[in-house]
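The primary structure of each chain is shown beneath.
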Amino acid sequence: MANANTYESLVSQADSILRIRNPSRREVRWRQWQQEVKRAGKSDVALRELPLALTFEALRSDFKMLRRFAVDVLAAEGEPVDSARPIQPSPEAGNRGRPLRVFVSHRIADSQTALGVRKVLAGLGGERLQFFLSEEISVGAQWYRWIRERLLESDLLLLLYTDPDRQWNWSFYETGLFEQLDDENAKRRIICIHSNATGPPDPLAHLQAVPARLQSVRDFLRDLFVRTEISGLRDPIAPWLENAPAELDRASRKIVRLINRSPVTTTYFNESLRLRVTNPKHLEAGEIPGDAVVTSEGGALRIFGLKTGEWKWSDIEEAAGRLGDTRWLREVVDAASLAAAGQHLRPIQATVVAQDGVSTYRPVLYRLDKTADGSLEFRLLFIGDVSGSFRHVPQILGTLLTSLVMGSRFRYEVIDGFGHAIRRTHSKRLIKETVTRVRNAVQTIETEAASRGLLNEDVIVAAFESAEDQARVQDCFAQWYDCRDRLFCDDEVLTPQALERCLAQFRELNKRYMHIASARYSEVVVERMT
């Protein structure tokens, strides 16, 4: 059986390795320590049967297990031991000589605050303090592993809680992991210094908190540096502060200024809704379930005549039905389904007329969050629309005028817009890119036309009075769909010549329709406005 000195040496070495900050150097030292443990186990059955993992990631737990084993051995031999500390630590490793290791948890936006607090504390504690901040993570390092290792090493976690109106999920994760990695013998502390404008965060309400007030911070610094209850060290870190009240006040004021700030005020310039779908399979089926939860950031619910609070998607559908035009609902559902499937979104073209009958908004699906429980949370903006609508214009005038606008766009954005590019296209790659661009341009105009009801052939035909004009318009529709099918056919690669012929046919159809529609529009204007 190995002697007591061997156990003490292994424990002391493991404790020393845990304090090495450089991950590469620490791993090199750990490999040497691992071989020493294996060599000692060859002549020591009890040590060999000890369930040590002997992996780099398990160094902390192996250290604790080996320490308890050594304590039991020495106790059996009648040696005085303290199970809460390493066995006979060297001056460097013992509580008298080693620094207090402090992990500073903070938001990325509070980086300067964290660095400032560290500077103040380091000015008081000097080499008796060692700090771990995420700013020290080197480029290319495994940040999760770095944080886990630093949390394992730390004696104290100091959370700087500055503003409750921002996201603190990662800091709460760090504090939870710090507690999880603890054991029954640890005397580690979590202390939250929070803004004087708010209380401590609810998830940490059970822990010691220090409001950023002069007296509270002064008391905390005195307890940390002059006494040993918080640090758990054998001797105070800076006992000289007991007789230096001016220095203690100066440090306290600096920390108060760093932590305290006015709460962030958020102003929403566009109305928005949060839509939470707990079962994404509904979206795969092309629907948003009626029980999906809807909440508002700002005054978006006022658009539908609803009060601020929590509603269901079915409530939004019902309110939209009372307002009249509900085409935007279908487009939102389609956009949400595409977003959930990770596909490219097409802009929502339909608009929403608000409860007041005056304001018009265009929905924009701008964000999707996938939560840990599998739910999907969509953010839907409602942007004030200033493009103009024809809802107060007689339907026949609105239909004809909108069709003329779409026809003009098609002429100059698609037909003329790509005519010259096609003639200069020679390579297969450029041909493929040009076809894709033409298709996208056509679909963009079609999407807006559909949002205005202009892909409904019956609506367009009904705007013309004579049977002859109606037949001509129907013929335009038939030839349009035939030409469009050739443009979007994936069975064969379009050549530049084929694409040019397709655009030439589009040009002829566009000219014919624009002549018919402009003449009819002129007739209706004379009839309705004379």
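Structure: see above.
A quick note: this is a predicted structure, and the numbers were derived from the prediction, not measured.

Cut-off values and rules
- Residues numbered from 1 in each chain as written.
- Predicted model: local features only at pLDDT ≥ 70, side-chain atom pairs only at ≥ 80, totals over all residues.
- Heavy atoms only, no water.
- Helix = DSSP H or I, 4+ residues; strand = E, 2+ residues; numbered from the N terminus.
- Buried < 20%, exposed > 50% of the residue type's maximum accessible area, 1.4 Å probe, protein only.
- Contact = heavy atoms within 4.5 Å.
- Areas by Shrake-Rupley, 256 points an atom, 1.4 Å probe, with all protein chains shown as cover.
- Phe/Tyr/Trp six-rings, centres within 6.5 Å; stacked < 30°, edge-to-face > 60°.
- Lys NZ or Arg CZ within 6 Å of the ring centre and 35° of its normal.
- Patch = residues over 30% accessible without salt bridge, like charges linked within 9 Å, V, L, I, M, F, W, Y side chains within 5 Å.
- Salt bridge = Lys/Arg side-chain N within 4 Å of Asp/Glu carboxyl O.
- Lys, Arg positive; Asp, Glu negative; His and termini not counted.
- Charge placed at Lys NZ, Arg CZ, Asp CG, Glu CD.
- Core = buried A, V, L, I, M, F, W, Y, C linked by side-chain atoms within 4.5 Å.
- Pairing = 2+ DSSP bridges.

J.: I would appreciate a short explanation of the overall build of the protein in the present structure.
T.: Of regular secondary structure, the protein possesses 17 helices and 11 strands. By the burial criterion, 46% of the 530 residues in the protein qualify as buried. The long-range fraction of contacts in the protein, counting pairs at least 24 apart against all pairs at least 6 apart in sequence, stands at 63%. When the accessible surface of the protein is summed, it comes to about 27,700 Å², and 51% of that surface belongs to carbon and sulfur atoms.

J.: Hey, could you run me through the environment of Phe464 in this one?
T.: The topology assignment puts Phe464 in the loop between α15 (457–462) and α16 (467–487). In this structure the C-alpha to C-alpha distance between Phe464 and Ile396, which are 68 residues apart in sequence, comes to 8.8 Å. For Phe464, the contacting residues outside a window of four places in its chain are Leu400, Asp469, Gln470, Val473, Tyr513, Ile516, Ala517 and Arg520.

J.: What's the story with the packing of aromatic side chains in this structure? I'm lost.
T.: Two aromatic rings, taken as a pair, are described by how far apart their centres are and by the angle between their planes. One pass over the structure, following the stated rule, counts 8 aromatic pairs. Between the aromatic rings of Trp480 and Phe506, the centroid separation amounts to 5.0 Å while the plane-to-plane angle is 45°, which identifies the pairing as tilted. Placement of Trp480 in helix α16 and of Phe506 in helix α17 (residues 496–529) is noted, with a sequence separation of 26 residues between them. We classify Phe506 as buried; its relative accessible area is 1%. Three or more aromatic residues joined by ring pairs form one cluster here, namely Phe304, Trp328 and Phe382. Its guanidinium or amino end placed over the ring of Tyr412, Arg411 lies 5.8 Å from that ring's centre, counting from NZ or CZ. When the ring centre of Phe488 is taken as reference, the NZ or CZ atom of Arg484 above it lies at 4.1 Å.

J.: How do you make sense of a positive patch on the surface when you look at a structure like this?
T.: On the surface, Lys119, Arg253, Lys254 and Arg257 cluster together to form a positively charged patch. Counting through the fold element by element, Lys254 comes out in helix α9 (residues 245–259). The exposure class of Lys254 is partly exposed, given its relative accessible area of 33%.

J.: Could you clarify how one ought to interpret the nonpolar core in this entry?
T.: Note on soluble globular proteins: their nonpolar side chains tend to be buried together. Leu121, Leu158, Phe220, Leu221 and Phe225 are the most contacted members of the largest nonpolar core, which has 34 residues in total. Sorting the residues of this core by element identifies β1 (100–105), α5 (111–125), β2 (129–132), β3 (156–161), β4 (189–194), α8 (214–225) and α9 as the ones contributing at least two each. Apart from residues no more than four positions distant in its own chain, Leu221 is found in contact with Leu121, Leu124, Val226, Leu248, Ala251, Ser252 and Ile255. If you look at the next biggest cluster of nonpolar residues, it comprises 33 residues, including Val294, Ile303, Ile316 and Ala354.

J.: Help me understand the side chain of Arg150 in this model?
T.: By the element assignment, Arg150 lies in helix α6 (residues 143–153). With relative accessibility at 1%, the residue Arg150 sits in the buried group. The residues touching Arg150, leaving out its near neighbours within four places in the chain, are Ile20, Arg21, Arg26, Phe103 and Phe132.

J.: I keep staring at the pairing of β2 and nothing clicks. Help me out?
T.: Successive side chains on a regular strand alternate, one facing one side of the sheet and the next facing the other. In β2, alternate side chains face the same way, and those of Leu129 and Phe131 on one face and Gln130 and Phe132 on the other are all buried. As paired elements, β1 and β2 share 4 bridges and run parallel to each other. Residue pairing for β2: Leu100 is matched across the bridge by Leu129.

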